[in-house]
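Spelled out, the chains give:
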Amino acid sequence: MGRGLTMKTFRRALFWLHMVIGLLTGGVIAITVFTGACLAFEKQVLAWAEREVRRVTPPDSSVAGWDLDQLVAKARELASGAAWTGITVRSDPAAAVTLTFGRTQTIHANPYTGELRVQSPTVLRAFFQCMLRWHRWLGVPQPESGAEGPSARINDAIATQSGGSGAHRSSAQGGTNGMHNAEEPRRHGPVGARAIASTVVGVSACLFTLLCLSGIYLWWPRHWRWTSLRIGVLPNFRLRGKPRDWNWHNAVGIWSAPILMVLSLTGVVMAFRPVGNVIYGAPIGGPEAGLNSTHSPSFAAPEPGMLPLGPDRLFAIARREVPHWEEITLRAGGRQRGPRGARFGGEAGFRREDGPRSTAAAREGMAQARTGVGAPSQREAVEAGETRSGDGQGRGGPGGHGTPPVSVMVRETGRWSVQPIQLQVHAYTGEVLRRSTFSTQVSEVGWRRALRGLNRPLHTGEAGGWVGQCLAFAACLGGLVLVYTGFALSWRRFLGKRRGPATSTSVPARESNSMPIETAASSLPTRLPE
């Protein structure tokens, strides 16, 4: 008797806590799940909308086309001499080469004719940028230049350059999906109203996780009988009023709660770095290390007078390492400098250390290389688990020039993986310093730290491919239903007109005893017990 009374009191207290938290955070949760649903397929939507600049018509097979060094040199002139920061090539012969310059400019090049197409801002990109701003900062605009530290301004530029991409990526990828770059070195972060809004979103995500857990507990039936279980599992579209709201709140909640917990918990990790350290373990390399810092490969400093390899050589190395490739993305940071201060990816980056390359070799290389959407942003590379620094020699140590390895991400044809193959290549010698997959990260740093690199893909659903994105989208829509039905039930409880008992055919009285007292009573068109 005493134990039963204690459990009843606990359930009642948990029910009221669940309702109060839902009322306090419902508005913010509704905004985040709505914008999350809008951002779920941003990459695919932008790729379809911009197919005119991203797709080319393959000519006759006898046409050799341009090599990458020539395309980059020509595009660099259009980009006012800026250093390239990303190049993406796809095996699809109808895909254009995507080149990213600086932080904001993306150019698509026809690998057969050398024609350049500048990716210009569109209404659709502005829409996704607006959705990201509401998703991360509740619509608070970016502060004026100078209001934040230089690192924060760079981070915001990365987050907003591709239609506000976020969940996620650079403009070359066609956008992103959500709070992708919240997990960053926090030495310089948002200030003022934007910092407050970001904190509110993070706290709401944390409380949303608690709502999902408490909701599952309150839903859990005392007796597992199908006749009673189906009331809280299957949505009934014939019900009206309070029975409908209760049925939808339980049925939609139990199906979407597991996915919503993943989305909200990964959002909390990106919003609050210490939470990620608790879940995944502190990053290797100290508190200022990247999201998925791993063992940095050691590499020797380049010989005096050596020049960085050009894009063609680097892509040839990636093709050699992964013969069955579908997409290769080469990233070079604008701050990476070679001998005598030459920027990697700049003018020196197009010169070859092994002398001129034959026309036949250039044509053979370009015939194999085609590009699509998507050079990942600087932050996504860090979140994906790339290590971009070497030992003391490679970072300005004895004989070094401060040039970290070049990051290359390769996706294989016909093989799904939660992460692409990540190569780290010596910028001067072409030596593959490290080949990383999720399994190798698990063996090197343990599964907890390896999972840190999947935090953002889990948040956007991309870790599961199309299926994962569809599940994340459906869960976000389910979150909207939960907010609406939760507010509707609370409204009827406190402010709705009280009506007398009515006969209900949806839930037999003999079945309601098998469910928690709060939920069983709510299934009938009567008031919940006080």
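Here the structure is a predicted model, which is why all the values come from computation and not from measurement.

What to know about the overall build of the chain
Then step 1. Helix and strand content of the chain: 19 helices and eight strands.
Then step 2. Relative to its full complement of 530 residues, the chain shows a buried share of 53%.
Then step 3. Within the structure as shown, the chain displays about 23400 Å² of accessible surface, and the carbon and sulfur contribution to it stands at 61%.

Details of the packing of aromatic side chains
Then step 1. Enumeration over the complete set of coordinates arrives at ten aromatic pairs.
Then step 2. Relative to Phe 494, the ring of Trp 16 lies with its centre 6.1 Å away and its plane at 50 degrees, an arrangement referred to as tilted.
Then step 3. Residue Trp 16 is classed as partly exposed on the basis of its relative accessible area, which comes to 28%.
Then step 4. Given the relative accessible area of 46%, Phe 494 is considered partly exposed.
Then step 5. Site record: aromatic cluster; members linked through ring pairs are Phe 15, Trp 16 and Phe 494.
Then step 6. Taking the ring centre of Trp 248 as reference, the NZ or CZ of Arg 244 above it sits at 5.7 Å.

A closer look at the side chain of His 459
Then step 1. Counting through the fold element by element, His 459 comes out in helix H16 (residues 455–460).
Then step 2. For His 459, a relative accessible area of 11% corresponds to the buried category.
Then step 3. Within the structure, His 459 has its side chain in polar contact with the side chain of Thr 266 (distance 3.0 Å).

Quick notes on the packing of helix H7 (residues 192–219) against helix H9 (residues 241–271)
Then step 1. Axis separation between H7 and H9 bottoms out at 8 Å; the angle between their running directions is 150 degrees. Between H7 and H9, the interaxial angle falls into the category roughly antiparallel. Crossing angle aside, the handedness with which H7 passes H9 is left-handed. Taken together, the residues of H9 that come into contact with H7 (itself represented by Gly 202, Ala 205, Cys 206, Phe 208, Thr 209, Cys 212, Leu 213, Ile 216 and Trp 219) are Asn 250, Ile 254, Ala 257, Leu 260, Met 261, Ser 264, Leu 265, Val 268 and Ala 271.
Then step 2. The residue inventory of the contact of H7 with H9, partitioned by class, reads 14 nonpolar, four polar and no charged.

A word on the sheet that holds strand E6 (residues 406–412)
Then step 1. The strand order across the open sheet formed by eight strands is E4-E3-E2-E1-E5-E6-E7-E8, and the pairing between neighbours is antiparallel. Both outer strands of the open sheet, strand E4 (116–118) and strand E8 (432–436), are each paired with one neighbouring strand and no more. Each neighbouring strand pair of the sheet contributes to a mean axis angle of 20 degrees, computed without reference to strand direction.
Then step 2. As judged from the five bridges shared by strand E1 (residues 84–90) and strand E5 (residues 325–331), these two strands associate in the antiparallel manner. Bridge pairing in E5 links Arg 90 to Glu 327.
Then step 3. Packed onto the sheet, helix H11 (residues 311–321) meets E1, E5, E6, strand E7 (421–425) and E8 and runs at close to 140 degrees relative to E5.

Some remarks on the nonpolar core
The tendency in soluble globular proteins is for nonpolar side chains to be buried as a group.
Then step 1. Counting residues in each nonpolar core, the largest one holds 33 residues, and the members touching the most others are Ile 87, Leu 99, Leu 330, Val 408 and Val 410.
Then step 2. Looking at this core, the elements with two or more residues in it are helix H4 (68–78), E1, strand E2 (97–101), strand E3 (105–109), H11, E5, E6 and E7.
Then step 3. Excluding residues that lie within four positions of it along the chain, Leu 99 makes contacts with Val 72, Ala 75, Gly 86, Ile 87, Gln 105, Thr 106, Ile 107 and Ala 109.
Then step 4. Ala 30, Ala 472, Cys 476 and Leu 482 belong to the second-largest nonpolar core, a separate cluster that totals 22 residues.

So, helix H10 (residues 273–280)
Then step 1. Listed in full, the buried residues belonging to H10 are Arg 273, Gly 276 and Tyr 280. The arc that holds the buried residues of H10, viewed along the axis, is 55 degrees, so those residues lie on one side. For H10, the exposed residues set more than 90 degrees away from the buried face come down to Pro 274 and Val 278.
Then step 2. As for H10, its buried residues are in contact with H9, helix H15 (447–452) and H16.

What to know about the pairing of E3
Then step 1. Across the five residues of E3, four count as buried, placing the element largely inside the fold.
Then step 2. Summarising the sheet, E2 and E3 pair through five bridges and their orientation is antiparallel. Residue pairing for E3: Leu 99 is matched across the bridge by Ile 107.
Then step 3. As consecutive antiparallel partners, E2 and E3 are separated by three residues, and within that stretch Gly 102 has a phi angle of approximately 65 degrees, a positive value.
Then step 4. Where E3 and E4 come together, three bridges link them in antiparallel fashion. What sits directly across from Ile 107, in E4, is Val 118.
Then step 5. Hairpin geometry of E3 and E4 is characterised by an intervening segment of six residues between the two adjacent antiparallel strands and by a positive phi of about 80 degrees at Gly 114.

Considering the confidence of the model for the chain
Then step 1. With 67% of its residues at a pLDDT of 70 or more, the chain shows a mean pLDDT of 75.
Then step 2. Considering only residues more than four positions removed or in separate chains, one finds that residues 286–294, a stretch of pLDDT under 50, has 29 contacts.
Then step 3. Under a pLDDT of 50 for its full length, residues 502–530 has, in the predicted model, 62 contacts with residues more than four places off or in other chains.

Points about the pairing of E6
Then step 1. Taking burial as the measure, the seven residues of E6 include six buried ones, the bulk of the element.
Then step 2. Here six bridges tie E5 to E6, and the two strands are oriented antiparallel to one another. Bridge pairing links Ile 328 to Val 410 in E6.
Then step 3. Across five bridges, E6 lies against E7 in antiparallel orientation. Bridge pairing in E7 places Val 406 opposite Val 425.

Digging into the environment of Thr 88
Then step 1. As for its placement among the helices and strands, Thr 88 is situated in strand E1.
Then step 2. The class for Thr 88 is buried, based on a relative accessible area of 0%.
Then step 3. Counting along the chain gives ten residues from Thr 88 to Thr 98, while the straight-line C-alpha distance between them is 5.2 Å.
Then step 4. Separated by 3.3 Å, the side chains of Thr 88 and Thr 329 make a polar contact.

Quick notes on the pattern of salt bridges
Then step 1. Here the structure, examined in full by the defined rule, presents twelve salt bridges.
Then step 2. Between Glu 321 and Arg 435 there is a salt bridge, with its nearest N and O atoms 3.8 Å apart. Taken as a pair, Glu 321 in helix H11 and Arg 435 in strand E8 lie far apart in primary sequence, 114 residues in all.
Then step 3. Given the relative accessible area of 25%, Glu 321 is considered partly exposed.
Then step 4. According to the relative accessible area criterion, Arg 435 is partly exposed, its value standing at 39%.

Cut-offs applied
- Residues numbered from 1 in each chain as written.
- Predicted model: local features only at pLDDT ≥ 70, side-chain atom pairs only at ≥ 80, totals over all residues.
- Heavy atoms only, no water.
- Helix = DSSP H or I, 4+ residues; strand = E, 2+ residues; numbered from the N terminus.
- Buried < 20%, exposed > 50% of the residue type's maximum accessible area, 1.4 Å probe, protein only.
- Areas by Shrake-Rupley, 256 points an atom, 1.4 Å probe, with all protein chains shown as cover.
- Phe/Tyr/Trp six-rings, centres within 6.5 Å; stacked < 30°, edge-to-face > 60°.
- Lys NZ or Arg CZ within 6 Å of the ring centre and 35° of its normal.
- Polar contact = N/O pair within 3.5 Å; in protein donor to acceptor, adjacent residues only side chain to side chain.
- Axes fitted to C-alpha atoms, helices over the stretch in contact; angles between N-to-C directions.
- Parallel < 35°, antiparallel > 145°, perpendicular 65-115°, else oblique.
- Left-handed = near helix turned anticlockwise from the far one by under 90°.
- Contact = heavy atoms within 4.5 Å.
- Nonpolar A, V, L, I, M, F, W, Y, C, P; charged D, E, K, R; others polar.
- Pairing = 2+ DSSP bridges.
- Core = buried A, V, L, I, M, F, W, Y, C linked by side-chain atoms within 4.5 Å.
- Arc of directions from axis to C-beta.
- pLDDT = per-residue confidence, 0-100.
- Salt bridge = Lys/Arg side-chain N within 4 Å of Asp/Glu carboxyl O.

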